[in-house]
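Examination of the molecular architecture
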Amino acid sequence: MKPTSARPSTRHLIIAVPWFWLALFFLLPFLFVLKISLSEPTLAQPPYMDLIREIEDGFVTLVINFSNYQLLLEDSLYLSALWGSLKVAAISTLFCLLIGYPMAYAIARSPLHWRLPLLMLIILPFWTSFLIRIYAWIGILKANGLLNNLLMGLGLIDSPLAIMHTPLAVYIGVVYNYLPFVVLPLYATLIRLDLTLLEAAADLGCRPWKQFLLITLPLSMPGVIAGAMLVFIPVMGEFVIPDLLGGPDTLMLGKLMWTEFFSNKDWPLASSLAALLLVVLILPFVLLRHFERRSEEGNP
Amino acid sequence: MKQRLPLLITILLFGYAFLYIPIASLIVYSFNESRLVTVWSGFSTQWYSKLLENEQLLGAAWLSVQIAALTATLAVVLGTLAALALVRFRRFLGRGSLEVMVTAPLVMPDVIIGLSLLLLFVAMEGLIGWPAGRGMTTIVIAHTTFAMAYVAVVVQSRLAHMDLSLEEAALDLGARPLKVFFTITLPIIAPALIAGWLLAFTLSLDDLVVASFVSGPGATTLPMVVYSSVRLGVSPEINALATIIVALVTLAVLIAGFVLWRQEKQNRLDAH
Amino acid sequence: MSTARQFKPEEPWQAPEGEPIVRLENVTKRFGAFYAVDDISLNIHAGEFFSLLGPSGCGKTTLLRMLAGFETPTSGRLLIDGQDVTDIPPYERPVNMMFQSYALFPHMNVADNIAFGLKQEGMPKSERQDRVAELMSLVQIEPLAKRKPHQLSGGQRQRVALARSLAKHPKILLLDEPLGALDKKLREQTQFELVNIQERLGITFVVVTHDQEEAMTMSSRIALMHEGRIEQVDPPRRLYEFPSTRYAASFIGSVNLFDGYVTEQNDDQVRVQCDDAGIQLEVRHSQPLVPGMAVTVALRPEKVRVIHQLEADTPNQLRGVIKEIAYLGDVSIYHVELASGKRVQFTQSNVQALAEQPLTWDEEVVLSWSANSCGVLTE
């Protein structure tokens, strides 16, 4: 018997309230996405036709329309947006890991009283506005921005580098904003690592870099995967960063969805894009849950 | 071990420089006289006074703060319930689905959350007439839905580390279950609740995409105003806004640090 | 083995007419297919210092938690002071518990921790303060009233936990490994304090422990548990001198066991043929046994006398060679190998060992003991 479950009704309430909230406002909406993605756009409010329509005198028919999905497969725009999203998400995840792993490692190995302030410094930018952090990069990267002014002032370049509105700017923005999401889980796994394992390895004749490759890295894999998925999944649907830092040729699913929805008012097409994105994200999500559970179980 | 030390310090220095130089540049140029954000032409605080005269922006900020406070409060209640269910009850019908629904919003792209909730609200309005139109209520519901997942994660880890015999001891000394929850459990997980509230507040205050989908005419939040102004080009007013936000956050962190430090000192004094 | 408690003339469990304060009737607790507590019936009497002793996983903690009300029996009944409490929640039971982790509320100071239970029963503030002061002086922690639990040492925490669980004058105090978290020296000192407090207040104590020495020192009676069942319930001395099962004999102290079968019995003397010993052993045993019955003879190592030559007309003499000697300071343990290859342990005080010519490796000796010094186990 658990203290808080003294009465079954209390127990049921504790479970039911959050469950129904999430089922209603998180799970159920996906069904509507699916439904609308199968309907036809129309010039009305809301701008889609119902799947179940009354044709005449009470005759009801179900009209399912796959043309949105057909369009996704036929028009190369959408497939290249999917490819663009995958590419940006994969490359920036890689760079987040390359920068975040050494940082997490350095924090985990720093003196005890330094760790909390160092972690706070990682989290602190996250508490300032996301939009404003992207805005800061506009000021740095644009043609007459800080970076170009600095490089030209130093005489390193003659004409401004074109970084703004290129994929490079998108990568910088993504890595900058998602870095804390890899550092924190990596730190959590590295700090739990039993240091006597390294001493045992050293005692058995293992050199430092080999200790890292054979002991530290394999044991921190759950943190690596969890951190990677925490970046990869949301970046797949990222809208603000490609919109503000990327150029017209930066094709990503999130941005395209936004355009279809807000500019073209094509709700059914936007829904089918959302459905496509959801399907693509199932595998990384399953990976994330698997490794988060493993790192929880490894936690005594 | 010793010879690796300089390398680790260098890594940290570069890492933190990468994180903080953009923010520092925002602050410096918020005091620039010129409208051209990146050309320094002299010290001025004019953008701060312009910001304070910008009624559209101030109105949006006030709306955002209200939404964020409501969201954070609701999210703490719902997230704590979810955490209690997951930590305290080992087996129940719907456990698997609750676990998934609590983890998924943490990574779910916000375009999907925004679009799907909008479609739900539109359908619900057609079916039962609620919510009538979209605005503050729908934004609060949407924000609560993803923020409660973050709260649940924070509270879950605190609850999991709590010694269950504390609650048993209170029951044993004659406190009824509800009283045990309010006099023992709640005070012990309070730090997690506060952290969760602040996290939910920040997430809500920061959200552009979800709010853009589920908002209606008349409900323009701060990120929407900032977004449209940033789209039009760089504006020193945004630098001033950024500086104020950074100052507030820094102040909050310093206060929290000070409180913790004083508590620790007090504890040490008590001990002697 | 030292005993802090001398046997008192009144032994409540000997009086069949007295109503026990705790009564367990065929209590079983099952977790899935695992029987944590398996059909236990037990009486505990008012004023007892009763120990549940056993290795981890034997069900002793589950039994204690059922008395507190944190676990409900799968079947059976549980009565406290004549009242059936099987389905009464913990907050309505007249018992209190001292937890193994102490479970001090980290956000309350010492005084508030002790006052917690009194507050729940609605005791007025002034009365509460008096009671808290009284308890703090009982366990000698008066200067610590304003401290928070994390500012206390392990020993101080233990005292606060004890004071808190005594505050409400419980009919029974349940203690889960009360000394488990203390270091050895403090543990020995606290054992005696616990006994003194229990005798002064006259409250029934039920203690869970895995430490036999602790149980022997403090208890009026010990219930030895094994795999969810009770092996034996007896006062410490009886449990040690007259174990009723092989498990009881080997769990408490060391013992030499000789398997064999009964050949004859006259009056209170049994003769047991033991192949390992190579002779018939004579054991004092008053319960009737059937010749041919398989039994085990149990012999404590300290009951063995060492002689150098076989003596005439003396029963229970075994010849062997000393193979190992372990020096423990006060005593030494010797392992003697018999002709059959069986090893027999005996101990000898080192005062004696030094006075005589010391025993040494490969020395041939004769071990001997009286029929009164060993026992027959039928289980």
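Residues numbered from 1 in each chain as written. Chains lettered and ligands numbered in written order. Predicted model: local features only at pLDDT ≥ 70, side-chain atom pairs only at ≥ 80, totals over all residues.

The name given to chain C in an unreviewed UniProt entry is Spermidine/putrescine import ATP-binding protein PotA, and the organism recorded there is Marinobacterium alkalitolerans. According to its UniProt record, chain C has this under Subunit (unreviewed entry): "The complex is composed of two ATP-binding proteins (PotA), two transmembrane proteins (PotB and PotC) and a solute-binding protein (PotD)." In its Catalytic activity (unreviewed entry) section, the UniProt entry covering chain C states "ATP + H2O + polyamine-[polyamine-binding protein]Side 1 = ADP + phosphate + polyamineSide 2 + [polyamine-binding protein]Side 1." (UniProt positions renumbered as here; feature names shortened; annotations may be inferred.)

An unreviewed UniProt entry lists chain A under the name ABC transporter permease subunit, from Marinobacterium alkalitolerans. Under Sequence similarities (unreviewed entry), UniProt gives the following word-for-word description of chain A: "Belongs to the binding-protein-dependent transport system permease family. CysTW subfamily." Recorded in UniProt under Subcellular location (unreviewed entry), the annotation for chain A is "Cell membrane".

Check the secondary structure of chain A and you find 13 helices and two strands. A compact globule built from 300 residues would reach a C-alpha radius of gyration of about 19 Å, whereas chain A, at 25 Å, exceeds it by more than 25%. By principal-axis analysis of the C-alpha atoms, chain A measures approximately 85 × 75 × 35 Å. Considering chain A as a whole, with its 300 residues, one finds that 43% of them fall into the buried category. Restricting to contacts in chain A with at least 6 residues of sequence separation, those with at least 24 account for 70%. (Helix = DSSP H or I, 4+ residues; strand = E, 2+ residues; numbered from the N terminus. Rg over C-alpha atoms; globule rule 2.2 N^0.38 Å. Buried ≥ 20, exposed ≤ 12 C-beta atoms within 10 Å, placed from the backbone. Contact = placed C-beta atoms within 7 Å.)

Residues and elements named next belong to chain C. One open sheet holds the five strands; their spatial order is 13-12-11-14-20, and the pairing between them is antiparallel. Each end of this open sheet is capped by a strand with a single partner; those strands are strand 13 (279-284) and strand 20 (374-377). Here the average twist between neighbouring strands, direction ignored, is 45 degrees. (Pairing = 2+ DSSP bridges. Axes fitted to C-alpha atoms, helices over the stretch in contact; angles between N-to-C directions.)

Attention now goes to the packing of helix 3 (residues 55-88) of chain B against helix 4 (residues 95-107) of chain B. All names here are of chain B. It is the contact of helix 3 with helix 4, at a shortest axis distance of 11 Å, that shows an interaxial angle of 135 degrees. By the angle class used here, helix 3 and helix 4 are oblique. Taken as a pair, helix 3 and helix 4 cross one another with a handedness that is left-handed. The residues of helix 4 that touch helix 3, namely those facing Ala 82, Ala 85 and Leu 86, are Leu 98, Glu 99 and Val 102. (Parallel < 35°, antiparallel > 145°, perpendicular 65-115°, else oblique. Left-handed = near helix turned anticlockwise from the far one by under 90°.)

Moving on, we come to the UniProt feature "domain: ABC transporter" (unreviewed entry) in chain C. Sites flagged by UniProt as "domain: ABC transporter" (unreviewed entry) map to residues 22-252 of chain C. The span residues 22-252 of chain C carries 36% helix and 26% strand; its end-to-end C-alpha distance comes to 25 Å.

Moving on, we get to the UniProt feature "transmembrane region" (unreviewed entry) in chain A. In this numbering, the UniProt entry assigns the feature "transmembrane region" (unreviewed entry) to residues 12-34, 81-104, 116-138, 168-191, 212-235 and 267-288 of chain A. Taken as a whole, residues 267-288 of chain A contains 100% helix and 0% strand, while its terminal C-alpha atoms sit 30 Å from one another.

A few words now on the sheet that holds strand 3 (residues 49-53) of chain C. Residues and elements named next belong to chain C. One open sheet accounts for six strands, arranged 6-7-8-3-9-10; its pairing is mixed. Of all the strands in the sheet, the pair left with one neighbour each is strand 6 (95-98) and strand 10 (229-234). Each neighbouring strand pair of the sheet contributes to a mean axis angle of 20 degrees, computed without reference to strand direction. Pairing between strand 3 and strand 9 (residues 221-226): four bridges, direction parallel. Bridge pairing links Leu 52 to Ala 223 in strand 9.

What UniProt calls "domain: ABC transmembrane type-1" (unreviewed entry) maps, in this numbering, to residues 82-288 of chain A. Secondary structure across residues 82-288 of chain A comprises 80% helix and 0% strand; the distance between its end C-alpha atoms is 21 Å.

Another point: the packing of helix 5 (residues 130-141) of chain A against helix 10 (residues 222-231) of chain B. Packed helices, taken two at a time, are described by the angle their axes make and the gap between the axes. Helix 10 of chain B packs onto helix 5 of chain A with a crossing angle of 15 degrees between their chain directions and a minimal axis gap of 10 Å. Classified by the angle between their axes, helix 5 of chain A and helix 10 of chain B sit roughly parallel to one another. As helix 5 of chain A runs across helix 10 of chain B, the sense of the crossing is left-handed. Along its contact with helix 5 of chain A, which presents Leu131(A), Ile132(A) and Tyr135(A), the element helix 10 of chain B presents Pro223(B), Val226(B), Tyr227(B) and Val230(B).

With that settled, consider the domain arrangement of chain C. When the parts come together, some accessible area is lost, and that loss is often what is quoted as the size of the interface. All names here are of chain C. The domain architecture assigned to chain C consists of domain 1 (12-94 + 170-249) and domain 2 (254-377). Distance from the C-alpha centre of domain 1 to the C-alpha centre of domain 2: 34 Å. In this assembly, five residues from domain 1 lie in contact with six residues from domain 2. Considering only residue class, the side of domain 1 that touches domain 2 consists of three nonpolar, one polar and one charged. (Domains from an automatic or database assignment. Nonpolar A, V, L, I, M, F, W, Y, C, P; charged D, E, K, R; others polar.)

This part takes up the interface of chain B and chain A. Of the residues lining the interface, 62 residues belong to chain B; the matching set on chain A comes to 72 residues. A per-element tally of the side of chain B that touches chain A places helix 1 (residues 5-30) of chain B first, with 11 residues. The residue makeup of the side of chain B that touches chain A, split by class, is 49 nonpolar, eight polar and five charged.

Okay, unusual backbone geometry next. For residues besides glycine, phi is generally negative; the peptide bonds are generally trans as well. The peptide bond linking Trp130(B) to Pro131(B) adopts the cis configuration, its omega dihedral lying at 0 degrees. Mapped onto the secondary structure, Pro131(B) falls in the loop between helix 5 (110-128) and helix 6 (136-160). Of note in the backbone geometry, His165(A) takes a positive phi value of approximately 65 degrees without being a glycine. In this structure, His165(A) sits in the loop between helix 6 (146-153) and helix 7 (167-192). Positive phi is not limited to glycine here, since Glu227(C) has a value of about 50 degrees. Within the element layout of this structure, Glu227(C) appears in the loop between strand 9 and strand 10.

All names here are of chain A. Along its 16 residues, helix 4 (residues 112-127) runs 24 Å from first to last C-alpha, staying within 8% of the 22 Å computed at 1.5 Å per residue. Taking the largest bend as the criterion, helix 4 deviates by roughly 30 degrees, centred on Leu 121, and proline Pro 125 comes between one and four positions later. Three or more residues of helix 4 are buried, namely Ile 122, Pro 125, Phe 126 and Trp 127. (Expected span 1.5 Å × (residues − 1). Bend = angle between axes of the 7 residues up to and from the residue.)

Residues and elements named next belong to chain A. With respect to burial, helix 12 (residues 253-263) is a largely interior element, eight of its 11 residues being buried. When helix 12 is considered as a whole, its buried residues turn out to be Leu 253, Gly 254, Lys 255, Leu 256, Met 257, Trp 258, Glu 260 and Phe 261. Residue Lys 265 follows helix 12 closely and has a positive phi angle near 50 degrees.

Before going further, it helps to examine the pairing of strand 11 (residues 256-266) of chain C. Residues and elements named next belong to chain C. One ladder, built from six bridges, connects strand 11 with strand 14 (residues 294-299); its direction is antiparallel. The residue of strand 14 that forms the bridge with Gly 260 is Val 295. With five bridges connecting them, strand 11 and strand 12 (residues 269-274) associate as antiparallel partners. The partner of Glu 264 across the bridge, within strand 12, is Arg 271. Hairpin connection from strand 11 to strand 12: two residues lie between these consecutive antiparallel strands, with Asp 267 at a positive phi of about 55 degrees.

A word on the confidence of the model for chain A. Mean pLDDT over chain A: 87, with 94% of residues reaching 70 or higher. Confidence drops under a pLDDT of 50 for residues 1-6 of chain A, and excluding neighbours within four residues, the segment shows 20 contacts in the predicted structure. (pLDDT = per-residue confidence, 0-100.)

What follows covers the nonpolar core. Residues Leu131(A), Met257(A), Ala274(A), Ala82(B), Leu115(B), Val151(B) and Ala200(B) are the most contacted members of the largest nonpolar core, which totals 163 residues. Looking at this core, the element that brings in the most residues is helix 3 of chain B, giving 17 residues. When residues of this core are assigned to domains, at least three map to each of domain 1 (60-226) and domain 2 (234-272) of chain B. Leu115(B) has contacts with Val33(A), Met257(A), Phe261(A), Ala270(A), Ser271(A), Ala274(A) and Phe213(B), leaving out every residue within four places of it along the chain. Tyr91(C), Val160(C), Leu174(C) and Met218(C) belong to the second largest nonpolar core, which has 105 residues in total. (Core = buried A, V, L, I, M, F, W, Y, C linked by C-beta atoms within 7 Å.)

On to the confidence of the model for chain C. Taken as a whole, chain C shows an average pLDDT of 90; of its residues, 95% reach a score of 70 or greater. At the level of chain-chain contacts, confidence expressed as ipTM amounts to 0.91, with global pTM at 0.87.

On to the pairing of strand 16 (residues 317-327) of chain C. Residue and element names in this part refer to chain C. Sheet topology places strand 16 next to strand 19 (residues 364-368); five bridges connect them, and they run antiparallel. Opposite Arg 319, over in strand 19, you have Val 366 as the bridge partner. Pairing geometry for strand 16 and strand 17 (residues 331-338), over seven bridges, is antiparallel. For Val 321, the partnering residue across the bridge sits in strand 17 and is Glu 337. With antiparallel pairing between neighbouring strands as the criterion, strand 16 and strand 17 make up a hairpin whose turn holds three residues, including Gly 329 at a positive phi of roughly 95 degrees.

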